[in-house]
Amino acid sequence: MARTFSRFPWRYSAICNLVWQASDRGLAARLGETRMKLLRTAPAARRYLGHGPRRDYPGDEAFFQDLAAGWQRSSLAMAHLCAGAGIRYYHFLQPNQYDPGVKPMGAAERRAAYKTDHPYRTGVEKGYPLLAKAGRELAAGGVRFYDARRVFAGIDEPLFIDQCCHFNEKGNRILATWIAARIVQDLGAAASKASGGPGR
């Protein structure tokens, strides 16, 4: 569908681009719901190909600790890989509506983007604090990690558009501006250090 809408003459039409964007979001939502249905299937019905080797945990705490540790190792591995290729690596932890305190959420936004029994809610509530802690450790170790979980704090108007984690245009713009400012600041500090300025 993306290839079709990228062809002439559709790519020059704002309306066609809007139709594509709405359709793409709808498909993404359907894909998310299908994934949730698959996750809810009985363990006996699952196959190795779908879930990999079995790992047992004494409880949720150990499970989420292991997930966060894997996430941290993956980020560190990507940072090392990028460094070896001369690429600056940046890692941002984005806001999520199931993270308590992310933003004030009115009734309309809550109806569209918050589901009390959504499977992602537990993962975010229990996992995000661990990711933030792992991120601080990454930053202390030299990885350019930035915690963006509270970028929307204090913004009353709706920014989340679905029950997963996606933002509307304004939300994307706010987050992108915040991210860009951190990258510009980092590049400025690196340039100052290279020239022997105060950042050296």
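Our subject is the structure that appears above.
Talk me through the packing of aromatic side chains; I want residue IDs and the actual numbers.
Under the definition given, this model contains eleven aromatic pairs. Seen in terms of ring centroids, Tyr 57 and Phe 63 are 5.4 Å apart; in terms of plane orientation they differ by 70°. Their pairing is edge-to-face. Judged by its relative accessible area of 29%, Tyr 57 is partly exposed. Take Phe 63: its relative accessible area is 32%, and that puts it in the partly exposed class. Summarising the aromatic geometry, the rings of Phe 92 and Trp 178 are spaced 6.3 Å apart at their centres and angled 75° between planes, so their arrangement reads as edge-to-face.

Lay out helix α6 (residues 119-140) in plain terms, naming residues and giving numbers.
Over its 22 residues, α6 extends 32 Å from the first C-alpha to the last, a length consistent with the 32 Å expected when each residue adds 1.5 Å. Among the residues of α6, those classed as buried are Val 124, Gly 127, Tyr 128, Leu 130, Leu 131, Ala 132, Ala 134, Gly 135 and Leu 138. Where α6 is buried, its residues contact α4 (60-84), β1 (90-93) and β2 (144-147). Just beyond α6, the residue with positive phi is Gly 142, at close to 105°.

Outline the packing of α4 against α6, supporting the account with residue identities and numerical values.
Relative orientation of the contacting elements α4 and α6 amounts to 40°, with a least axis distance of 9 Å. With respect to each other, α4 and α6 are oriented oblique. Considering how the two elements wind past one another, α4 and α6 form a crossing that is right-handed. Here α4 contributes Asp 60, Phe 64, Gln 65, Ala 68, Trp 71, Gln 72, Ser 75 and Leu 76 to the contact with α6, which in turn contributes Thr 122, Gly 123, Lys 126, Gly 127, Leu 130, Leu 131, Ala 134, Gly 135, Glu 137 and Leu 138.

Cut-offs and rules
- Residues numbered from 1 in each chain as written.
- Predicted model: local features only at pLDDT ≥ 70, side-chain atom pairs only at ≥ 80, totals over all residues.
- Heavy atoms only, no water.
- Phe/Tyr/Trp six-rings, centres within 6.5 Å; stacked < 30°, edge-to-face > 60°.
- Buried < 20%, exposed > 50% of the residue type's maximum accessible area, 1.4 Å probe, protein only.
- Helix = DSSP H or I, 4+ residues; strand = E, 2+ residues; numbered from the N terminus.
- Expected span 1.5 Å × (residues − 1).
- Contact = heavy atoms within 4.5 Å.
- Axes fitted to C-alpha atoms, helices over the stretch in contact; angles between N-to-C directions.
- Parallel < 35°, antiparallel > 145°, perpendicular 65-115°, else oblique.
- Left-handed = near helix turned anticlockwise from the far one by under 90°.

The analysis is restricted to geometry; functional conclusions fall outside its scope.
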